[in-house]
Amino acid sequence: MLKIDSSICTSCGSCARACPGYVIEIEAGGAVDKYPENCIDCGHCVAVCPVDAIVNERMDPSGFPARVDPCISFEAFNHLARNRRSTRRFKKDPLSREHVEKLVDSAHYAPTGENAQELEYLVINDPARIAMIRDAMARQFKQLHSLVKGLYGFVVLAMGKEEARRSRASLGRIMAKWAEGKDAGEDPFLRTAPTLLIIHSKQKTFMAQTDAGIAGYHVMLAAEVLGIGSVWNGFHQTFCGLNGSMRRVSLVPKGHKVLASISLGYPDVKYRRNVFRRPVRSRIVDHGEP
Ligand SMILES: Cc1cc2nc3c(=O)[nH]c(=O)nc-3n(C[C@H](O)[C@H](O)[C@H](O)COP(=O)(O)O)c2cc1C
Ligand code: SF4
Ligand code: SF4
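Keep in mind the model is a prediction, meaning the values are calculated, not measured.

Visitor: Could you give an account of the packing of helix α4 (residues 97-108) against helix α8 (residues 208-225), with specific residues and numbers?
Guide: Closest axis-to-axis distance for the α4/α8 pair is 8 Å, and the angle between their directions is 135°. Between α4 and α8, the interaxial angle falls into the category oblique. Judged by the twist between their axes, the crossing of α4 over α8 is right-handed. Between α4 and α8, the residues in contact are L103, S106 and A107 and A215, H218, V219, A222 and A223, respectively. Residue classes in the contact of α4 with α8 are distributed as 6 nonpolar, 2 polar and no charged.

Visitor: So what's going on with the environment of R97? Which residues, and what values?
Guide: You can see R97 is positioned in helix α4. In sequence terms R97 and N125 are 28 residues apart; their C-alpha atoms lie 9.0 Å from each other.

Visitor: Before we move on, could you go through the sheet that holds strand β8 (residues 257-265) and cite the residues and values that matter?
Guide: Each strand in a sheet pairs with its neighbour through backbone hydrogen bonds, running either in the same direction (parallel) or in the opposite one (antiparallel). Taken in spatial order, the 4 strands line up as β5-β6-β8-β7 in an open sheet, and their pairing is antiparallel. Every other strand in the sheet has two partners, leaving β5 (120-124) and β7 (229-232) as the edge strands with one partner each. Averaged over all neighbouring strand pairs, the angle between strand axes comes to 25°, with direction disregarded. Pairing between strand β6 (residues 195-201) and β8: 7 bridges, direction antiparallel. Bridge pairing in β8 links T195 to L264. Its contacts with the sheet place α8 against β5, β6, β7 and β8, and it is angled at close to 10° to β8.

Visitor: Hey, could you go over the pairing of β6 for me, with residue numbers and the actual values?
Guide: The buried fraction of β6 is high, at 7 of 7 residues. Side chains T195, L197, I199 and S201 of β6 all project onto a buried face; the interleaved residues L196, I198 and H200 project onto the opposite face, where all are buried too. In the sheet, β5 pairs with β6 via 5 bridges, with the strands oriented antiparallel. Its bridge partner lying in β6, I124 is registered against L196.

Visitor: Quick rundown of α4? Include the residues and the values.
Guide: Between its first and last C-alpha, α4 extends 16 Å over 12 residues, near the 16 Å set by a 1.5 Å rise per residue. When we look at burial in α4, the residues that qualify are H99, V100, L103, S106 and A107. Considered in projection along α4, the buried side chains sweep an arc of 130° and stay on one side of the axis. Looking at the buried residues of α4, the elements they touch are β5, α8 and β8.

Visitor: Could you give an account of the site of ligand 3, with specific residues and numbers?
Guide: Residues in contact with ligand 3 amount to 13 residues; listed here are only the nearest, C9, C12, G13, C15 and C49. In the shell around ligand 3, the residues fall into 9 nonpolar, 4 polar and no charged.

Visitor: A description of unusual backbone geometry should follow, citing residues and the corresponding values.
Guide: With an omega of -15°, the peptide bond between D69 and P70 qualifies as cis. Residue placement: P70 occurs in the loop between β4 (54-56) and α3 (74-83). If you check the backbone angles, Q117 has positive phi at about 50° while not being a glycine. Its place among the elements puts Q117 in the loop between α4 and β5. Even without a glycine there, the phi angle at R191 is positive, about 55°. Note that R191 resides in the loop between α7 (161-180) and β6.

Visitor: Break down the domain arrangement of the protein chain for me, citing the residues and quoting the values.
Guide: Taken domain by domain, the protein chain comprises domain 1 (2-63), domain 2 (74-125 + 189-265) and domain 3 (130-180). Taken over C-alpha atoms, the centre of domain 1 sits 34 Å from the centre of domain 2.

Visitor: Can you tell me about the packing of aromatic side chains, naming the residues and giving the values?
Guide: Per the stated rule, a full pass over the model turns up 4 aromatic pairs. Their ring planes at 85° and their centres at 6.4 Å tell us that F189 and F235 sit as a pair that is edge-to-face. Taken as a pair, F189 in the loop between α7 and β6 and F235 in helix α9 (residues 234-242) lie far apart in primary sequence, 46 residues in all. For F189, a relative accessible area of 2% translates into the label buried. Taking the relative accessible area as the measure of exposure, F235 reaches 26% and is therefore partly exposed. Arranged with centres 5.6 Å apart and planes meeting at 65°, the rings of F235 and F239 form a pair that is edge-to-face. A residue pair is termed a helical-turn pair when its members lie 3 or 4 positions apart in one helix, as F235 and F239 do in helix α9 at 4 residues.

What counts, and at which threshold
Residues numbered from 1 in each chain as written. Chains lettered and ligands numbered in written order. Predicted model: local features only at pLDDT ≥ 70, side-chain atom pairs only at ≥ 80, totals over all residues. Heavy atoms only, no water. Axes fitted to C-alpha atoms, helices over the stretch in contact; angles between N-to-C directions. Helix = DSSP H or I, 4+ residues; strand = E, 2+ residues; numbered from the N terminus. Parallel < 35°, antiparallel > 145°, perpendicular 65-115°, else oblique. Left-handed = near helix turned anticlockwise from the far one by under 90°. Contact = heavy atoms within 4.5 Å. Nonpolar A, V, L, I, M, F, W, Y, C, P; charged D, E, K, R; others polar. Pairing = 2+ DSSP bridges. Buried < 20%, exposed > 50% of the residue type's maximum accessible area, 1.4 Å probe, protein only. Expected span 1.5 Å × (residues − 1). Arc of directions from axis to C-beta. Near = heavy atom within 4 Å. Domains from an automatic or database assignment. Phe/Tyr/Trp six-rings, centres within 6.5 Å; stacked < 30°, edge-to-face > 60°.

This is the structure in structure tokens:
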């Protein structure tokens, strides 16, 4: 529900233009909260009003601090995007409390479809719990490996001859290596990270998976700025989807779906260069193109 102070509203129409739900109309006396049932509480009308004439009663006014413009240069952002690497060697120390809070805060300001804001964040920063999760992942991978290794033959049947032979050999080697990874002193499951950030949600809203992807990437970019390494943990995310015991050992609340897992920690690897990407494939349709 909006409270609009008509004594200061200048009828500029900015709020109505910014509103995604066409909630506001401009009438003779100024802006009117015409269709409040369409409001998704995005806060845009409050944030855009040049004279602070609008209050959304569901929102704390202190949650609307003045913008800092420009916040960073394009060059700085471009360096950040290029500098971020998937880190796979971490120091043992868990993240500081201050860093954990900063990472969660950066995710919290990511956009969500229909402004659902249904994502929740679980940060496992306890070495004992991390060890339990790693062991559970190793066990689950071994089970999975013994189940699927007999199926490589079907992969061969499904593919062309030469390609299939190579793919079968390489798939088998990788799977065997991962299955034995822990025994060989390696950690292919958490990549030696002392911290795991899990994005989960009870409501499976329409765009929840995409929302989690965006929020997760906010975490990774913020981590890069803070000198923290990160790697998306597709294995943990997938295992949580397959298996309730993985969710339980990871302390995911009952009935919640894991939408993203990110391994984090202080990096024990230093890159000197950014990496090559294949040439970008994009098409820009300009004015006049048939
Ligand atoms: C996955 C996703 C889908 C979205 N789809 C739409 C859309 O179809 N139309 C639209 O106007 N806004 C869309 N949005 C924008 C959200 O409504 C917006 O992010 C949210 O209200 C929060 O506002 P903010 O992005 O200004 O913080 C989408 C956002 C996300 C993350
Ligand atoms: S909070 Fe967002 S959706 Fe609601 S009236 Fe304001 S601009 Fe429109
Ligand atoms: S943005 Fe503010 S001043 Fe402009 S029409 Fe809306 S309430 Fe009135």
